[in-house]
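# A structural walkthrough
Residue-level listing of the chains:
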Amino acid sequence: TLTIYDTRPDLKEYMEAKLPGYLIDADVNECTSRVSTADSLAKAVGDANIVQEQGPENASFKQTAWAQIEQHAPQDALFWSSTSGIPASEQSKDMKDQTRLVVVHPYNPPHIMPLLEVVPSPSTSQEVTDRTLEYWRSLGRVPVLIRKECTGFVANRLAFALFREACS
(Lines give C-alpha, C1' and ligand atoms only; values in the text may rest on other atoms or scores of the structure.)
Protein backbone atom coordinates (compact mmCIF):
# COMPACT_ATOMS: atom_id res chain seq x y z
CA THR A 1 0.00 0.00 0.00
CA LEU A 2 0.94 3.63 -0.44
CA THR A 3 0.41 6.11 2.37
CA ILE A 4 0.51 9.80 1.55
CA TYR A 5 1.16 12.52 4.08
CA ASP A 6 0.67 16.14 3.07
CA THR A 7 -0.43 19.16 5.05
CA ARG A 8 -2.82 20.42 2.37
CA PRO A 9 -6.38 20.52 3.76
CA ASP A 10 -7.95 19.14 0.56
CA LEU A 11 -5.58 16.18 0.13
CA LYS A 12 -8.23 13.48 -0.40
CA GLU A 13 -10.17 15.59 -2.92
CA TYR A 14 -6.96 16.55 -4.70
CA MET A 15 -5.89 12.89 -4.98
CA GLU A 16 -9.31 11.83 -6.27
CA ALA A 17 -9.14 14.49 -8.96
CA LYS A 18 -5.49 14.11 -10.04
CA LEU A 19 -4.39 10.51 -9.41
CA PRO A 20 -6.53 8.79 -12.08
CA GLY A 21 -4.85 10.90 -14.77
CA TYR A 22 -1.51 9.27 -13.98
CA LEU A 23 -2.79 5.70 -14.06
CA ILE A 24 -2.32 4.98 -17.74
CA ASP A 25 -3.27 1.43 -18.76
CA ALA A 26 -4.15 0.56 -15.16
CA ASP A 27 -7.28 -0.32 -13.25
CA VAL A 28 -7.96 3.00 -11.49
CA ASN A 29 -10.16 1.49 -8.78
CA GLU A 30 -7.68 -1.28 -8.00
CA CYS A 31 -4.80 1.19 -7.80
CA THR A 32 -6.59 3.83 -5.74
CA SER A 33 -7.83 1.18 -3.30
CA ARG A 34 -4.20 0.70 -2.26
CA VAL A 35 -3.68 4.41 -1.48
CA SER A 36 -4.40 5.93 1.90
CA THR A 37 -3.61 9.16 3.69
CA ALA A 38 -2.10 9.79 7.12
CA ASP A 39 -2.78 12.75 9.36
CA SER A 40 0.76 12.82 10.77
CA LEU A 41 4.26 12.15 9.55
CA ALA A 42 4.78 9.56 12.29
CA LYS A 43 1.73 7.57 11.13
CA ALA A 44 2.74 7.86 7.48
CA VAL A 45 6.23 6.41 7.92
CA GLY A 46 5.80 4.17 10.98
CA ASP A 47 5.52 0.93 8.98
CA ALA A 48 7.12 2.07 5.73
CA ASN A 49 9.53 0.02 3.66
CA ILE A 50 10.32 3.08 1.55
CA VAL A 51 9.88 6.77 2.32
CA GLN A 52 9.76 8.96 -0.78
CA GLU A 53 10.06 12.68 -0.01
CA GLN A 54 8.64 15.14 -2.51
CA GLY A 55 8.46 18.33 -0.49
CA PRO A 56 9.44 21.87 -1.44
CA GLU A 57 12.84 22.48 -3.02
CA ASN A 58 14.14 24.01 0.18
CA ALA A 59 17.21 22.59 1.93
CA SER A 60 16.07 23.60 5.42
CA PHE A 61 12.68 21.93 4.91
CA LYS A 62 14.28 18.71 3.67
CA GLN A 63 16.86 18.61 6.48
CA THR A 64 14.12 18.98 9.10
CA ALA A 65 11.85 16.46 7.36
CA TRP A 66 14.52 13.76 7.11
CA ALA A 67 15.51 14.17 10.76
CA GLN A 68 11.85 13.69 11.73
CA ILE A 69 11.30 10.80 9.32
CA GLU A 70 14.38 9.04 10.67
CA GLN A 71 12.88 9.15 14.19
CA HIS A 72 9.66 7.36 13.17
CA ALA A 73 10.51 5.06 10.23
CA PRO A 74 11.74 1.47 10.60
CA GLN A 75 15.53 1.01 10.73
CA ASP A 76 15.62 -0.78 7.37
CA ALA A 77 13.34 1.62 5.45
CA LEU A 78 14.84 3.14 2.34
CA PHE A 79 14.86 6.95 2.23
CA TRP A 80 14.49 8.58 -1.18
CA SER A 81 14.21 12.19 -2.28
CA SER A 82 13.04 13.16 -5.75
CA THR A 83 14.71 16.56 -5.59
CA SER A 84 16.34 17.98 -8.67
CA GLY A 85 18.60 20.46 -6.98
CA ILE A 86 19.50 19.57 -3.38
CA PRO A 87 22.07 16.77 -3.01
CA ALA A 88 21.49 13.97 -0.50
CA SER A 89 24.62 15.06 1.38
CA GLU A 90 23.00 18.43 2.09
CA GLN A 91 19.56 16.99 2.88
CA SER A 92 20.93 14.43 5.35
CA LYS A 93 22.91 17.01 7.33
CA ASP A 94 20.70 16.68 10.47
CA MET A 95 20.21 12.91 10.29
CA LYS A 96 21.86 10.60 12.82
CA ASP A 97 22.44 7.96 10.11
CA GLN A 98 23.32 9.71 6.86
CA THR A 99 23.92 6.39 5.10
CA ARG A 100 20.17 5.88 4.57
CA LEU A 101 19.38 8.66 2.09
CA VAL A 102 19.67 8.60 -1.69
CA VAL A 103 18.24 10.86 -4.38
CA VAL A 104 15.96 9.07 -6.85
CA HIS A 105 15.19 11.53 -9.58
CA PRO A 106 12.64 10.49 -12.22
CA TYR A 107 12.95 11.47 -15.83
CA ASN A 108 9.91 13.49 -16.90
CA PRO A 109 7.15 12.66 -17.39
CA PRO A 110 7.72 9.95 -14.75
CA HIS A 111 4.49 8.07 -15.39
CA ILE A 112 5.60 7.49 -19.00
CA MET A 113 9.41 7.47 -18.98
CA PRO A 114 11.13 4.48 -17.32
CA LEU A 115 14.45 6.27 -16.64
CA LEU A 116 15.45 7.24 -13.08
CA GLU A 117 18.69 8.72 -11.88
CA VAL A 118 19.90 7.29 -8.57
CA VAL A 119 22.33 9.69 -6.90
CA PRO A 120 23.83 8.59 -3.58
CA SER A 121 25.80 10.97 -1.39
CA PRO A 122 29.36 10.06 -0.43
CA SER A 123 27.81 8.82 2.87
CA THR A 124 25.04 6.69 1.35
CA SER A 125 25.68 3.01 2.04
CA GLN A 126 26.25 0.60 -0.83
CA GLU A 127 23.41 -1.53 0.57
CA VAL A 128 20.93 1.36 0.28
CA THR A 129 22.11 2.08 -3.26
CA ASP A 130 21.90 -1.60 -4.26
CA ARG A 131 18.42 -2.08 -2.74
CA THR A 132 17.22 1.06 -4.51
CA LEU A 133 18.52 -0.07 -7.90
CA GLU A 134 17.10 -3.58 -7.38
CA TYR A 135 13.66 -2.23 -6.44
CA TRP A 136 13.32 -0.10 -9.55
CA ARG A 137 14.64 -2.82 -11.85
CA SER A 138 12.06 -5.23 -10.39
CA LEU A 139 9.36 -2.80 -11.56
CA GLY A 140 10.73 -2.70 -15.10
CA ARG A 141 12.21 0.77 -14.67
CA VAL A 142 15.69 1.76 -15.80
CA PRO A 143 17.66 3.24 -12.90
CA VAL A 144 20.97 4.85 -13.82
CA LEU A 145 23.53 5.19 -11.05
CA ILE A 146 25.17 8.63 -11.01
CA ARG A 147 28.38 8.31 -9.05
CA LYS A 148 28.90 12.01 -8.29
CA GLU A 149 26.36 14.39 -6.80
CA CYS A 150 25.37 17.22 -9.11
CA THR A 151 22.38 19.53 -9.39
CA GLY A 152 20.04 19.39 -12.36
CA PHE A 153 20.99 15.80 -13.11
CA VAL A 154 22.40 14.34 -16.29
CA ALA A 155 19.19 13.29 -18.07
CA ASN A 156 17.51 16.65 -17.56
CA ARG A 157 20.59 18.51 -18.75
CA LEU A 158 20.65 16.43 -21.93
CA ALA A 159 16.88 16.77 -22.45
CA PHE A 160 16.99 20.55 -22.12
CA ALA A 161 19.97 20.78 -24.48
CA LEU A 162 18.03 18.76 -27.07
CA PHE A 163 14.91 20.87 -26.47
CA ARG A 164 16.84 24.13 -26.94
CA GLU A 165 18.41 22.78 -30.12
CA ALA A 166 15.03 21.63 -31.47
CA CYS A 167 13.56 25.08 -30.82
CA SER A 168 16.39 26.82 -32.64
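This text goes with the structure placed above it.
Now for a description of the structure that goes with this document. Just so you know, the residues in each chain are numbered from 1, in the order the chain's sequence is written. Residue-level local features of this predicted model are given only where pLDDT is at least 70; pairs of side-chain atoms are given and counted only at 80 or more, and the full residue set underlies all totals for whole chains, interfaces and linings. To obtain the side-chain values, all non-hydrogen atoms of the structure were used and water was disregarded.

## Some words on unusual backbone geometry
Positive phi values are uncommon outside glycine, yet aspartate 25 reaches one of about 55°. Strands here are runs of E lasting at least two residues and helices are runs of H or I lasting at least four, both read from the DSSP assignment and numbered beginning at the N terminus. Locating aspartate 25 in the fold gives a position in the loop between α1 (11-18) and α2 (28-32). By relative accessible area, aspartate 25 is classed as exposed at 81%. When accessible area is computed with a 1.4 Å probe and restricted to protein chains, residues below 20% of their type maximum are described as buried, those above 50% as exposed, and intermediate ones as partly exposed.

## A short note on the sheet that holds strand β5 (residues 101-106)
Two strands qualify as a pair provided DSSP detects at least 2 bridges between them. Here 5 strands make up an open sheet; going across it, the order is β3-β4-β5-β6-β7 and the pairing mixed. The sheet is open, and its two borders are formed by β3 (50-53) and β7 (142-145), each paired with just one other strand. For this sheet, the mean angle separating the axes of adjacent strands, direction not counted, is 30°. Summarising the sheet, β5 and strand β6 (residues 115-120) pair through 5 bridges and their orientation is antiparallel. Within β6, the residue paired with valine 102 across the bridge is proline 120. Contacts: residue pairs with any heavy atoms within 4.5 Å of one another. To get an axis, a line is fitted to the C-alpha atoms, and for a helix only the part in contact is used. The angle between two axes follows their N-to-C directions and goes from 0 to 180 degrees. Sheet strands in contact with helix α4 (residues 59-72) are β3, β4 (78-81) and β5, and its direction is about 165° off that of β4. Most of the contacts of helix α6 (residues 126-138) go to β4, to which it runs at about 75°, and overall it touches β3, β4, β5, β6 and β7.

## Side note on the layout of surface pockets
What the largest pocket holds in volume is close to 2600 Å³. Only protein atoms enter the 1 Å grid used here, on which a cavity is any set of points holding a 1.4 Å probe that cannot leave and a pocket is any open set flanked by protein within 12 Å on both sides along at least five of seven lines; residues with an atom within 4 Å of a point are listed as lining. Forming the walls of the largest pocket are 48 residues, and the residues nearest its centre are Leu2, Thr3, Ile4, Gln52 and Gln54. Residue assignment for the lining of the largest pocket shows that the elements contributing at least two residues are β1 (2-4), α1, α3 (41-45), β3, α4, β5 and α6. The biggest single contributor to the lining of the largest pocket is α4, with 5 residues. Throughout this entry, Asp, Glu, Lys and Arg are counted as charged residues, while Ala, Val, Leu, Ile, Met, Phe, Trp, Tyr, Cys and Pro are counted as nonpolar. The remaining residues, Gly among them, count as polar. Grouping the amino acids of the lining of the largest pocket by side-chain chemistry returns 29 nonpolar, 11 polar and 8 charged. Grid points are joined across faces, edges and corners, and a volume is the space filled by probe spheres set on the points.

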